[in-house]
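Descriptive structure summary
If you want the building blocks of each chain, they are given just below.
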Amino acid sequence: MTEPTAEEQPRIKEYDGEGITVTYEPRRCLHAAECLQGLPGVFDLAKRPWVQPDQAAPDLVAEIVRRCPSGALQYRPADGSAEPGDVPTTVRRAPDGRILLRGDVLVRGEAEVRRETRAVLCGCGSSGNQPYCDHSGPCAGGDFEVFDETGNR
């Protein structure tokens, strides 16, 4: 597999807090708004930066980040460990065709293989961000399933 070009590299923004770092990959955001509704003091589009992890306890920030169905938001605890995936791993097909993954999975795209804990994959083949859904095709119209930190609805 070849190295991804600069255009193919995911653009990931990091927001450091004392006990947690939140990362955000805009190309994967499907605007489910779980972050905005869950912790408006941490995730506020009217502020700069829009993610302020120190405005809540790290465990609470992590809980809300895990609600992000697309995986656009992820976190790293201050100890540098990776965000743990749900156990067991779940794969669900939404009625509109999107594939919702939660757990410890490897997602193979054209340019790279990425370890994911949450992802929404394109089920219709129209996404410009393959294999991830970008809401550009017919499978983009459905509602998101909301999960708690243990993978339950």
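Let us now look at the confidence of the model for the protein. The predicted coordinates ought not to be read in detail in places where the model reports low pLDDT. On average, residues of the protein carry a pLDDT of 86, and 84% of them reach 70 or more. Looking over the protein, one finds the lowest element-wise mean pLDDT in strand 4 (residues 90-93), namely 94, and the highest in helix 2 (residues 58-65), namely 98. Low pLDDT, under 50, characterises residues 1-6; the predicted model gives this stretch nine contacts beyond four residues in sequence or across chains. Contacts of residues 145-153 to residues separated by more than four positions or lying in other chains number 21 contacts, the stretch itself having pLDDT below 50.

One can find Gln 52 in the loop between helix 1 (34-38) and helix 2. A polar contact of 3.2 Å, which involves the side chain of Gln 52, links it to the backbone oxygen of Pro 49. Those residues within four positions of Gln 52 in sequence are excluded, and the remaining contacts are Val 42 and Lys 47.

Attention shifts here to the sheet that holds strand 5 (residues 99-108). Spatially, 4-5-6 is the arrangement adopted by the three strands of the open sheet, whose pairing is antiparallel. Edge strands, defined here as strands with exactly one partner in the open sheet, are strand 4 and strand 6 (113-121). Neighbouring strand axes in the sheet, compared pairwise and without regard to direction, differ in orientation by 40 degrees on average. With four bridges connecting them, strand 4 and strand 5 associate as antiparallel partners. Within strand 5, the position partnered with Arg 92 by the bridge is Leu 100.

One finds Val 22, Leu 39, Phe 43, Trp 50, Val 61, Val 65 and Leu 73 to be the most contacted residues of the largest nonpolar core, which totals 19 residues. Taken together, the elements giving at least two residues each to this core come down to strand 2 (20-24), helix 2 and strand 3 (73-77). It is helix 2 that provides the largest number of residues to this core, a total of four residues. Apart from residues no more than four positions distant in its own chain, Leu 73 is found in contact with Val 22, Thr 23, Tyr 24, Cys 35, Phe 43, Trp 50, Val 65, Cys 68 and Arg 118. Counting seven residues, the second-largest nonpolar core is a separate cluster that includes Leu 100, Val 120, Cys 133 and Cys 139.

All right, on to the pattern of salt bridges then. In the structure shown here, the tally under the stated rule is 10 salt bridges. Close ionic contact of Arg 114 with Glu 25 constitutes a salt bridge, the shortest N to O distance being 2.7 Å. Of this pair, Arg 114 sits in strand 6 while Glu 25 sits in the loop between strand 2 and helix 1, and the two are 89 residues apart along the sequence. Look at Arg 114 and you get buried, because its relative accessible area is 14%. By relative accessible area, which is 5% here, Glu 25 ends up buried. Glu 83 is paired through a salt bridge with Arg 118; the nearest N and O atoms lie 2.7 Å apart. In this pair, Glu 83 sits in the loop between strand 3 and strand 4 while Arg 118 sits in strand 6, placing the two residues 35 residues apart along the sequence. Each of Glu 25, Arg 28, Arg 114 and Glu 116 takes part in a single network of salt bridges with overlapping partners.

Conventions we followed
Residues numbered from 1 in each chain as written. Predicted model: local features only at pLDDT ≥ 70, side-chain atom pairs only at ≥ 80, totals over all residues. Heavy atoms only, no water. pLDDT = per-residue confidence, 0-100. Helix = DSSP H or I, 4+ residues; strand = E, 2+ residues; numbered from the N terminus. Contact = heavy atoms within 4.5 Å. Polar contact = N/O pair within 3.5 Å; in protein donor to acceptor, adjacent residues only side chain to side chain. Pairing = 2+ DSSP bridges. Axes fitted to C-alpha atoms, helices over the stretch in contact; angles between N-to-C directions. Core = buried A, V, L, I, M, F, W, Y, C linked by side-chain atoms within 4.5 Å. Buried < 20%, exposed > 50% of the residue type's maximum accessible area, 1.4 Å probe, protein only. Salt bridge = Lys/Arg side-chain N within 4 Å of Asp/Glu carboxyl O.

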